[in-house]
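# Results of the structural survey
Here is what each chain is made of, one letter per residue.
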Amino acid sequence: MIQIRRASIDDAQHIALLGRITFTETFSEYFRDPQDLFEYHERTFDVSKIRVSLQKENSHYWIAFWNKLPIGYAKLKIHSNTESIETENTSQLQKIYVLKEFLDKKIGKQLMDVLMKSFTESNKSHLWLSVLKSNTRAVQFYDRNGFKQAGEHEFRIGKEVFDFYILCFEK
């Protein structure tokens, strides 16, 4: 029933739509102005932007399907540094997004396993990510997968300011 494969340029529309839906499912309650959320979607989950990203050598995407229905994706950015980690030998887990309806199917864990396999086969020593502090489910998920807190940062979207942990996995 579950299939996970490397995403191709032909998956850009699916990834853009999944990004919009899953971001809304997770973060919409934090937006006082729906226009701020819409504008973020337009910038971040634009199909042409995703298409360009899919063609970059340092961007690796995987897409998950349930009975041929796209239900989630993950993105690993090879060679992506952050001030919170002193080495430049880093990659970034930029996204693991799964439709809310499928969270209990452990799709996120399967996407994480595929992404981590790719990371461990790389020559990078550290993998980092940002996670919303108040997203307890995600923080616990990353903790179970060996990530440790390495810092904090704020991220602004429109009028809203979000507090994030920076988490790191070290080989």
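The structure reproduced in this document is the subject of the present report. These figures come from a predicted structure and were not determined experimentally.

All right, on to the pattern of salt bridges then. A full pass over the atoms with the stated rule returns 8 salt bridges. The salt bridge involving E121 is made with K117; its shortest N-O contact spans 2.6 Å. Here E121 pairs with K117, and both are found in helix α4 (residues 107-121), just 4 residues apart, close to one helical turn. Among the salt bridges present, the one from E152 reaches K133, with a minimum N-O distance of 2.7 Å. Highlighted residues: E152 in strand β6 (residues 148-157) and K133 in the loop between β5 (126-132) and α5 (136-144), separated in sequence by 19 residues. Judged by relative accessible area, K133 falls into the partly exposed class, the value being 29%. Several salt bridges converge on common partners, so that one network encompasses D33, D36 and K159.

About the criteria used
Residues numbered from 1 in each chain as written. Predicted model: local features only at pLDDT ≥ 70, side-chain atom pairs only at ≥ 80, totals over all residues. Heavy atoms only, no water. Salt bridge = Lys/Arg side-chain N within 4 Å of Asp/Glu carboxyl O. Helix = DSSP H or I, 4+ residues; strand = E, 2+ residues; numbered from the N terminus. Buried < 20%, exposed > 50% of the residue type's maximum accessible area, 1.4 Å probe, protein only.

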